[in-house]
Amino acid sequence: HFILKTPSICIFGQSLCYPEGGGHFWVYLNWALGFAANGCKVWWLDSLDPSLPEPEASRLIGILKARLAPYGLDDSLLLTSTTAKPLPQSLAAYAPEKAEDADLLLNFRYSATHETLRRFKSTALLDIDPGLFQYWNSAGQLPVQPHDFYFTIGETVGTPGSPIPDLGKHWHKVHPCVCLDQWAPEPAAPDAAFTTVTHWYSKDYVIDPDGTCYDNTKRAGFLPYAEVPKFCNAPLELVGCFTEHDHEDTALLRSNGWRIRFSSQVCTTPADYKKLIVGSLGEFSAVKRSCLRFQNAWISDRSVCFLAAGKPVIVEHTGPSAILPDASGIWRFRSPEDAVKAVNSVLADYQNQCAEARRLAETYFGAKANAEKILKVVL
């Protein structure tokens, strides 16, 4: 252990203009709480379109500050412009200059401008989309300003034989993190299911060397497992950003036994997202096709919240891993038959699997320990 002299960390995320993303907020909050647990002063930086009408800007700021308040971070909110045009003078209280003496800007926003980055003594990019980020950047589709340090949650990024481009950079490895104190295990709700929260569609894409652009949506990931609930001894559930255009898909899933809920009705707030996870039996999830092709040993920020809450995670296999088990706390399946076996095996040993899930969270994914990894590199 080492002692730091009150370092100051500015986290640059994007939650302000996505107030319906209760789970999205937790991605940044878990990291913020991890740095705070290491004795850091934490600033929360977000961006705003200066052309947004003032009443709407005030509404969004109010929502975000209210969500930060329980963690003592409401007075840490700073705002920068999404364009070259400055923010209105009425928002001067949120000027990022307040954090210019911060030891580090930890950037989750790949689109951060030079104007924003140059304000800080040191900058680090944290890649939370391993494989996709490097692919887009190498193809010139996602240009990124230079940073002093590069971190990734991708276990295989920069390793020999990995299909993921390393971009000629030295990648420091961390894990997706969860604040263990905030996600203490609780009993599942009486009507609990294995569930997950997902976007059904997305704009993510990858073009194969032969020029084929393949479907990289969660829809494409889940449909091969449409019939799995028929053979499981517990309900499976999808909480998704479904629309009226997805009627055929949701009808097909329901006909095969899936519970379908709309995320807009269930988990738009951070508290509701947490309630959904803590009350579940565990997580069941397929992955995007890019995770299979890049073999990135994927584990999501959502899955580690399930683990911390003592909920087993059953997720599609995405390649060899030094830390992810295949059948203990985390169960990784390769086929519908594997998926059914995993669900029923977890249920047959449920209490032990819950304990193992929490142990994995404590061993690898604690926010304090992962934030400390970053501090040791940059300070």
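The structure under discussion appears in the preceding block.
To keep things clear, this report deals only with the structure shown in the data block.

## Section: the overall build of the protein chain
So, point 1. Looking only at helices and strands, the protein chain features 13 helices and 17 strands.
So, point 2. Relative to its length of 379 residues, the protein chain is compact, with a C-alpha radius of gyration of 21 Å against a globular reference of 21 Å.
So, point 3. Along the longest, intermediate and shortest principal axes, the C-alpha atoms of the protein chain span 60 × 45 × 45 Å.
So, point 4. The burial tally for the protein chain puts 56% of its 379 residues in the buried class.
So, point 5. Long-range pairs, those at least 24 residues apart, make up 71% of the contacts in the protein chain between residues at least 6 apart in sequence.

## Regarding the nonpolar core
So, point 1. Of all hydrophobic cores here, the largest spans 88 residues; its most connected members are Trp31, Phe35, Trp44, Leu79, Leu126, Trp183 and Ile374.
So, point 2. When residues of this core are assigned to their parent elements, the largest contribution, 9 residues, is made by helix H1 (residues 22-37).
So, point 3. In contact with tryptophan 31, not counting residues within four places along its chain, are Ile11, Phe108, Leu126, Val174, His175, Cys177, Asn370, Ala371 and Ile374.
So, point 4. Counting 28 residues, the second largest nonpolar core, distinct from the first, contains Phe194, Phe222, Ala234 and Leu281.

## A look at the pattern of salt bridges
So, point 1. Inspection of every chain in the model, using the stated rule, returns 13 salt bridges.
So, point 2. Between glutamate 56 and arginine 59 there is a salt bridge, with the nearest N and O atoms lying 2.9 Å from each other. Taken as a pair, glutamate 56 and arginine 59 lie in helix H2 (residues 54-68) at a separation of 3 residues, close to a single helical turn.
So, point 3. For glutamate 56, a relative accessible area of 29% corresponds to the partly exposed category.

## Concerning the side chain of serine 290
So, point 1. Considering the arrangement of structural elements, one finds serine 290 in helix H9 (residues 289-294).
So, point 2. The class of serine 290 is buried, set by a relative accessible area of 2%.
So, point 3. The residues touching serine 290, leaving out its near neighbours within four places in the chain, are Leu132, Val206, Tyr214 and Asn216.

## Re the sheet that holds strand S7 (residues 171-173)
So, point 1. The parallel open sheet is built from 7 strands, whose spatial order is S3-S2-S1-S4-S5-S6-S7. Strands with a single pairing partner mark the edges of an open sheet, and in this sheet they are strand S3 (77-81) and S7. Adjacent strand axes in the sheet meet at a mean angle of 30° when their direction is disregarded.
So, point 2. Taken strand by strand, H1 contacts strand S1 (8-12), strand S2 (41-48), strand S4 (104-107) and strand S5 (123-127), and its axis lies near 155° from that of S2.

About the thresholds
Residues numbered from 1 in each chain as written. Predicted model: local features only at pLDDT ≥ 70, side-chain atom pairs only at ≥ 80, totals over all residues. Heavy atoms only, no water. Helix = DSSP H or I, 4+ residues; strand = E, 2+ residues; numbered from the N terminus. Rg over C-alpha atoms; globule rule 2.2 N^0.38 Å. Buried < 20%, exposed > 50% of the residue type's maximum accessible area, 1.4 Å probe, protein only. Contact = heavy atoms within 4.5 Å. Core = buried A, V, L, I, M, F, W, Y, C linked by side-chain atoms within 4.5 Å. Salt bridge = Lys/Arg side-chain N within 4 Å of Asp/Glu carboxyl O. Pairing = 2+ DSSP bridges. Axes fitted to C-alpha atoms, helices over the stretch in contact; angles between N-to-C directions.

Shape is all these values report; function is a separate question.
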